[in-house]
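Structure at a glance
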Protein chains: 2
Amino acid sequence: MSDGSLRKGLQRAELARRIGCNHETVRYYEKVGLLPAPPRTTAGYRRYDANHERRLRFVLRARELGFCLDEVRTLLRLVDESDQPCSEARDLAAAHLAEVRAKIADLKRMERVLKDVVVRCADGTRPECPLIETLFGGKAA
Amino acid sequence: MSDGSLRKGLQRAELARRIGCNHETVRYYEKVGLLPAPPRTTAGYRRYDANHERRLRFVLRARELGFCLDEVRTLLRLVDESDQPCSEARDLAAAHLAEVRAKIADLKRMERVLKDVVVRCADGTRPECPLIETLFGGKAA
DNA sequence: TTTGAAGTCTGTAGCGATTACAGAGTCAAG
DNA sequence: CTTGACTCTGTAATCGCTACAGACTTCAAA
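This one's a predicted model, so the numbers in the text were calculated from it and none came from an experiment.

With that settled, the discussion passes to the overall build of chain A. Helix and strand counts for chain A stand at 6 helices and 0 strands. Beginning at the N terminus, the succession of helices and strands in chain A can be written as α-α-α-α-α-α. Principal-axis analysis of the C-alpha atoms places the extent of chain A at approximately 75 × 40 × 20 Å. When burial is assessed residue by residue, chain A has 44% of its 141 residues classed as buried. Across chain A, the fraction of contacts at a sequence separation of at least 24, relative to all contacts at a separation of at least 6, is 47%. Of the roughly 7900 Å² of accessible surface on chain A, 48% is carried by carbon and sulfur atoms. Charged side chains of chain A number 27 positive and 21 negative; the gap between the two group centres comes to 4 Å.

Below, the structure written as structure tokens:
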């Protein structure tokens, strides 16, 4: 540590540990434009400040809610550039909510069928297999 | 069409159309060992029979239930090689069912939060944005 | 002082499950 | 004979990371 004004910055792994994500992910987010490029020490090491940390947390929380990186980019743009972000943000969230619900519906269909075949397979000692027959023959939906 | 014994076979796109999947997917499944390599005409064109069709349907139904390709491979192996497939098949289905339920739980968490923020965003004309504030600050879970 | 561990840097390749494309060959109808 | 629709192969793109390789830096202990 030798660069005066950057003395207090966080290193990449340090930042990642604090926030609980992979340190490669931090670099990746910078590469794809989700995090601003941080200043570097004379040796070329990145030094992060509280603002980077805040932004990274934002991205990770958005990911936890299932937003894709492009949607996260849009949200960050709204934060940075719009003084009335809520309208667009709300639309984005509503659209995403619809997708999430569609996925849930898909998975519930799968769950229903799977639960049914597992029950019908019972202890697995039957000569024919309900799962395999379902996949070959039947109404899988 | 000139090869005697293969006269009645289906071409790739034909097979794909009948079953309702992309014709590239058929080739891909062959490459990764989910479909047996079909015989070829003298010009090197693939000719599929009813058995290929049956197998492809099996794979696609399994995919609809969310099984990954490796699980599908296992199921096909059970079909081909085991005379008591049901026990293993049942275990596979049960494990997959658990995964599906875990995904549903994940998505429901997302849904809950998203529904909440969309409601709180109301008509999107508020000065501060509940979604953005949630992502920056709050308990996103 | 040396040396070793643990960090950092870059660029690149891998995952899974497709999908798409380029460039060449084949085939049947008009 | 040409046109259009098919086929073939191999390879690259997608998404969101994750994991290397090979070189450099930093820091603390021996």
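Below, the discussion takes up the interface of chain A and chain B. Facing 51 residues of chain A, the contacting portion of chain B comprises 51 residues. Summed over both partners, the interface of chain A with chain B buries about 4700 Å², with 76% contributed by carbon and sulfur atoms. When residues of chain A are sorted by the area they lose upon contact with chain B, Leu-65, Leu-135 and Phe-136 of chain A head the list and together hold 16% of the total. Inspection of the chain A/chain B interface yields 2 salt bridges. For Arg-101 of chain B, the salt bridge is made with Glu-111 of chain A, and the minimal N-O distance between the two is 2.7 Å. Run the count over chain A and chain B and you get 8 residue pairs in polar contact (both at pLDDT 80 or more).

Residue and element names in this part refer to chain A. Running from N to C, helix 3 (residues 50-64) and helix 4 (residues 69-81) point in directions that differ by 135 degrees, and their axes come no closer than 10 Å. By the angle between their axes, helix 3 is oblique relative to helix 4. Crossing geometry of helix 3 relative to helix 4 is assigned as right-handed. Across the interface between the two elements, Arg-55, Phe-58, Val-59, Ala-62 and Arg-63 from helix 3 touch Leu-69, Val-72, Leu-75, Leu-76, Val-79 and Asp-80 from helix 4. The residue makeup of the contact of helix 3 with helix 4, split by class, is 8 nonpolar, no polar and 3 charged.

With that settled, consider the environment of Arg-120 of chain B. All names here are of chain B. Counting through the fold element by element, Arg-120 comes out in helix 5 (residues 85-121). We classify Arg-120 as partly exposed; its relative accessible area is 36%. Distance in space between the C-alpha atoms of Arg-120 and Gln-84 is 55 Å, their sequence separation being 36 residues. A polar side-chain atom of Arg-120 sits 3.4 Å from a polar atom in the side chain of Thr-134.

Once that is clear, we can look at the relation of the copies chain A and chain B. Of the transformation superimposing chain A on chain B, the axial component is 0.0 Å and the angular component is 180 degrees, with the fit at an RMSD of 0.1 Å. This pairing of chains is accounted for by a two-fold axis. Ranked by how close their C-alpha atoms come to the rotation axis, the residues of chain A are headed by Ile-104 of chain A, at 2.9 Å.

How each quantity is defined
- Residues numbered from 1 in each chain as written.
- Chains lettered and ligands numbered in written order.
- Predicted model: local features only at pLDDT ≥ 70, side-chain atom pairs only at ≥ 80, totals over all residues.
- Heavy atoms only, no water.
- Helix = DSSP H or I, 4+ residues; strand = E, 2+ residues; numbered from the N terminus.
- Buried < 20%, exposed > 50% of the residue type's maximum accessible area, 1.4 Å probe, protein only.
- Contact = heavy atoms within 4.5 Å.
- Areas by Shrake-Rupley, 256 points an atom, 1.4 Å probe, with all protein chains shown as cover.
- Lys, Arg positive; Asp, Glu negative; His and termini not counted.
- Charge placed at Lys NZ, Arg CZ, Asp CG, Glu CD.
- Buried area = accessible area lost by both parts, 1.4 Å probe.
- Salt bridge = Lys/Arg side-chain N within 4 Å of Asp/Glu carboxyl O.
- Polar contact = N/O pair within 3.5 Å; in protein donor to acceptor, adjacent residues only side chain to side chain.
- Axes fitted to C-alpha atoms, helices over the stretch in contact; angles between N-to-C directions.
- Parallel < 35°, antiparallel > 145°, perpendicular 65-115°, else oblique.
- Left-handed = near helix turned anticlockwise from the far one by under 90°.
- Nonpolar A, V, L, I, M, F, W, Y, C, P; charged D, E, K, R; others polar.
- Least-squares fit on C-alpha atoms with pLDDT ≥ 70 in both.

So yeah, pure geometry; function would need other evidence.
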